[in-house]
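Residue-level listing of the chains:
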Amino acid sequence: MNKKKSRKLTNLKPNKKLINIFLAIFLIAFLVTIASYFTIKNKEAIKDIPTEVNTQETKHEVSIPPRIAEIKDLKEQINHELFEEKFDLNEEHKFEEYTKELEKVIDEKTEVEESINKENKIIQKKVEEIKEEKLKEKQKDKSPIKIDEKSIITKKDTFTYDKKVKPKIAIVIDDVTTQAQKDKILSMGYKINMAFLPPTKTHPDSAKIAHSLSFHMIHFPMQASSAFKGEEINTLTINDSYETIEKRVKQLREWYPNAVYTNNHTGSVFTENEEAVDKLFRALKKYNFIFVDSRTSAKSVAKKYAKKYDMPYIVRNTFIDNDRDFKSIQNQLKKAIDIAKKQGYAIAIGHPHTVTLEVLKESKSLFKEVEPIFINQLPYL
């Protein structure tokens with residue numbers, strides 16, 4: 001019996017160890033299960049912690065801090081305004097991006113704008129032309145009234161020739177510029193009026209040469225027709241202002257302090273222009289000059305303005321050397337002498353050509369019946 005009990009006790013010991021092992025495994029599994037449970041709970045709790053960006057639902061946009069939002073809005077506004085300057089968004093809102101179709105619309109708009117600009121320029125040009133025409137019409141309305149030269153009475157017109165007195169002839173030689181010309185003219189032995197061109201680079205001493213003469217004139221360059229070539233420097237034109245003309249006359253006074261008489265060099269266009277001649281006579285009066293009309297145009301208005309400015313009207317009767325041959329020049333000189341015999345005086349204009357001076361030297365015998373004089377000795381002055 002006792003042996004049987006000891007055997008049972010011996011067999012129970014291993015079984016007890018096995019139970020203890022199972023209990024330990026169960027306890028470990030239980031602990032792991034508990035730990036896993038709390039771990040999962042912690043993770044879920046972490047998910048619920050709020051972040052800087054609140055995403056309640058996926059359909060809502062991410063909220064932007066206020067300052068960033070303002071900058072974004074401003075940028076979008078600038079881009080919108082720049083785009084609207086060129087295009088009407090109401091018309092082109094259908095374009096989602098810059099496409100070839102939109103590019104075509106841009107080109108069409110540019111073409112339309114260019115066309116409008118061209119039309120505007122044409123219209124503006126027409127407006128300017130109309131303004132110019134109206135201005136010209138006004139100027140015509142204000143232009144001086146044309147007066148018949150014969151209706152203007154001067155001392156020259158009222159002069160009566162006393163045939164008991166020897167008729168006078170004033171021979172004027174224009175374009176004098178050199179000492180050699182001056183010496184030849186002086187060698188004639190009778191009075192000849194020398195008219196000196198103002199100094200230029202081609203004849204710088206023309207004023208100095210004149211100073212020693214007891215009487216001399218200034219040959220004043222004025223605008224000729226377009227057919228004339230070889231215009232002098234500082235020639236007066238019909239477009240010159242009074243200030244320009246006055247300055248030129250003042251300069252002549254400084255160059256020729258002793259001169260009183262001046263006649264026009266060329267000047268067919270200038271002496272026909274009322275406004276230009278008015279300005280000239282006004283300046284001549286200011287600087288104590290008297291104008292002699294070379295009469296390069298039959299339409300010269302010098303007589304009218306001589307009367308207006310209370311100056312004597314002096315005008316040439318003949319040109320003697322339009323044809324440069326001895327016989328023609330001498331015949332013209334004879335014609336001037338005949339005029340002097342009829343009306344008591346005559347003014348003949350020539351130039352310092354060799355043949356002209358030769359005719360004057362060899363025609364002294366023609367002056368037996370007339371008296372050569374300087375311009376300031378005309379009988380009606």
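Computed from a prediction, not measured in an experiment: that's the story for all the values here.

**Student:** Break down the overall build of the protein for me, with residues and values.
**Tutor:** Check the secondary structure of the protein and you find 12 helices and nine strands. A fraction of 73% describes how many contacts in the protein between residues 6 or more apart in sequence connect residues 24 or more apart. Summed over all atoms, the accessible surface of the protein reaches about 26200 Å², with 54% contributed by carbon and sulfur.

**Student:** Requested: an account of the nonpolar core, with residues and values cited.
**Tutor:** Among soluble globular proteins, nonpolar side chains are generally buried collectively. In terms of nonpolar packing, the biggest core is built from 55 residues, with Ile171, Val249, Leu280, Phe281 and Leu360 touching the most fellow members. A per-element tally of this core places helix α9 (residues 274-286) first, with six residues. Aside from chain neighbours lying at most four places away, what touches Leu360 is Ile171, Ile173, Met188, Tyr190, Ile192, Ile320 and Leu333. With 18 residues, the next largest nonpolar core counts Val292, Ile314, Ile347 and Ile349 among its residues.

**Student:** Could you give an account of a nonpolar patch on the surface, naming the residues involved and the relevant values?
**Tutor:** Side chains of Phe26, Leu27, Phe30, Leu31 and Ile34 sit close together on the surface and give an oily, nonpolar patch of about 520 Å² of accessible area. With respect to the helices, strands and loops of the structure, Phe26 is situated in helix α1 (residues 2-47). Taking the relative accessible area as the measure of exposure, Phe26 reaches 59% and is therefore exposed.

**Student:** Please provide a residue-by-residue account of the pattern of salt bridges, values included.
**Tutor:** Per the counting criterion, the structure on display carries eight salt bridges. Between Lys168 and Glu371 there is a salt bridge, with its nearest N and O atoms 2.5 Å apart. Within this pair, whereas Lys168 is found in strand β1 (residues 168-176), its partner Glu371 is found in strand β9 (residues 371-372), the two being separated by 203 residues in sequence. The salt bridge partner of Asp278 is Lys308, with a shortest N-O separation of 2.9 Å. With Asp278 in helix α9 and Lys308 in helix α10 (residues 302-308), this residue pair connects regions lying 30 residues apart in the sequence.

**Student:** Tell me about helix α8 (residues 242-255), residues and numbers included.
**Tutor:** Taking 1.5 Å per residue as the helical rise, α8 with its 14 residues ought to reach 20 Å, and the 20 Å between its terminal C-alpha atoms agrees with that figure. Residues of α8 that are buried: Tyr242, Ile245, Glu246, Arg248, Val249, Leu252 and Arg253. Projected down its long axis, α8 shows its buried positions confined to an angular sector of 160 degrees, all on one face. Away from its buried face, by an angle of more than 90 degrees, α8 presents the exposed residues Glu243, Lys247 and Glu254. On its buried side, α8 packs onto β3 (217-222) and α9.

**Student:** Go over the pairing of strand β8 (residues 345-350), please, and point to the residues and values.
**Tutor:** By the criterion of burial, β8 is predominantly enclosed, with six of the six residues buried. Where burial is concerned, the two faces of β8 agree: the one with Tyr345, Ile347 and Ile349 and the one with Ala346, Ala348 and Gly350 are both buried. In the sheet, β1 pairs with β8 via six bridges, with the strands oriented parallel. Counted as the bridge partner of Ala170 is Ile347 from β8.

**Student:** Account for the packing of helix α11 (residues 326-343) against helix α12 (residues 354-362), naming residues and giving values.
**Tutor:** Across the interface, α11 lies against α12 with an axial gap of 9 Å and an inter-helix angle of 55 degrees. When the interaxial angle is binned, α11 and α12 end up oblique. Remark: the crossing between α11 and α12 carries right-handed chirality. Contacts from Phe326, Ile329, Gln330 and Leu333 in α11 reach Val355, Thr356, Glu358, Val359, Leu360 and Glu362 in α12. For the contact of α11 with α12, the residue count by class is six nonpolar, two polar and two charged.

**Student:** Before we move on, could you go through helix α6 (residues 179-186) and cite the residues and values that matter?
**Tutor:** Residues of α6 that are buried: Gln181, Lys182 and Ile185. Summarising the axial view, the buried residues of α6 lie within an arc of 100 degrees, below the 170-degree limit, and thus occupy one face. In the core, the buried residues of α6 are packed alongside β1, β2 (193-196), α7 (206-210) and α12.

**Student:** I'd like to hear about the pairing of strand β5 (residues 290-293), residue by residue, with values.
**Tutor:** Side chains Ile290 and Val292 project from β5 onto one buried face, and the interleaved Phe291 and Asp293 project onto a second face that is buried too. Pairing analysis gives three bridges linking strand β4 (residues 261-266) to β5, with the strands arranged parallel. If you follow Tyr261 over to β5, its bridge partner there is Ile290. As a crossover connection, the stretch from β4 through α9 into β5 is right-handed. Looking at chain direction, β5 and strand β6 (residues 314-315) are connected through two bridges and run parallel. Bridging across to β6, Asp293 finds its partner in Val315. As a crossover connection, the stretch from β5 through α10 into β6 is right-handed.

**Student:** Explain the side chain of Thr266 to me, using residue names and the numbers behind them.
**Tutor:** Residue position: Thr266 is located in strand β4. Judged by relative accessible area, which is 18%, Thr266 ranks as buried. There is a polar contact of 2.6 Å between the side chain of Thr266 and the backbone oxygen of Met222. Every residue in contact with Thr266, bar those within four places of it in the chain, is listed here: Met222, Ala224, Phe228 and Thr296.

**Student:** Give a description of unusual backbone geometry that names residues and reports values.
**Tutor:** In the Ramachandran plot, Asn234 falls in the positive-phi region, its phi being about 65 degrees despite a non-glycine side chain. Mapped onto the elements of the fold, Asn234 is located in the loop between β3 and α8. The phi torsion at Thr266 lies on the positive side, around 55 degrees, for a residue other than glycine.

Definitions and cut-offs
Residues numbered from 1 in each chain as written. Predicted model: local features only at pLDDT ≥ 70, side-chain atom pairs only at ≥ 80, totals over all residues. Heavy atoms only, no water. Helix = DSSP H or I, 4+ residues; strand = E, 2+ residues; numbered from the N terminus. Contact = heavy atoms within 4.5 Å. Areas by Shrake-Rupley, 256 points an atom, 1.4 Å probe, with all protein chains shown as cover. Core = buried A, V, L, I, M, F, W, Y, C linked by side-chain atoms within 4.5 Å. Buried < 20%, exposed > 50% of the residue type's maximum accessible area, 1.4 Å probe, protein only. Patch = residues over 30% accessible without salt bridge, like charges linked within 9 Å, V, L, I, M, F, W, Y side chains within 5 Å. Salt bridge = Lys/Arg side-chain N within 4 Å of Asp/Glu carboxyl O. Expected span 1.5 Å × (residues − 1). Arc of directions from axis to C-beta. Pairing = 2+ DSSP bridges. Axes fitted to C-alpha atoms, helices over the stretch in contact; angles between N-to-C directions. Parallel < 35°, antiparallel > 145°, perpendicular 65-115°, else oblique. Left-handed = near helix turned anticlockwise from the far one by under 90°. Nonpolar A, V, L, I, M, F, W, Y, C, P; charged D, E, K, R; others polar. Right-handed = clockwise from strand over helix to strand, strands pointing away. Polar contact = N/O pair within 3.5 Å; in protein donor to acceptor, adjacent residues only side chain to side chain.

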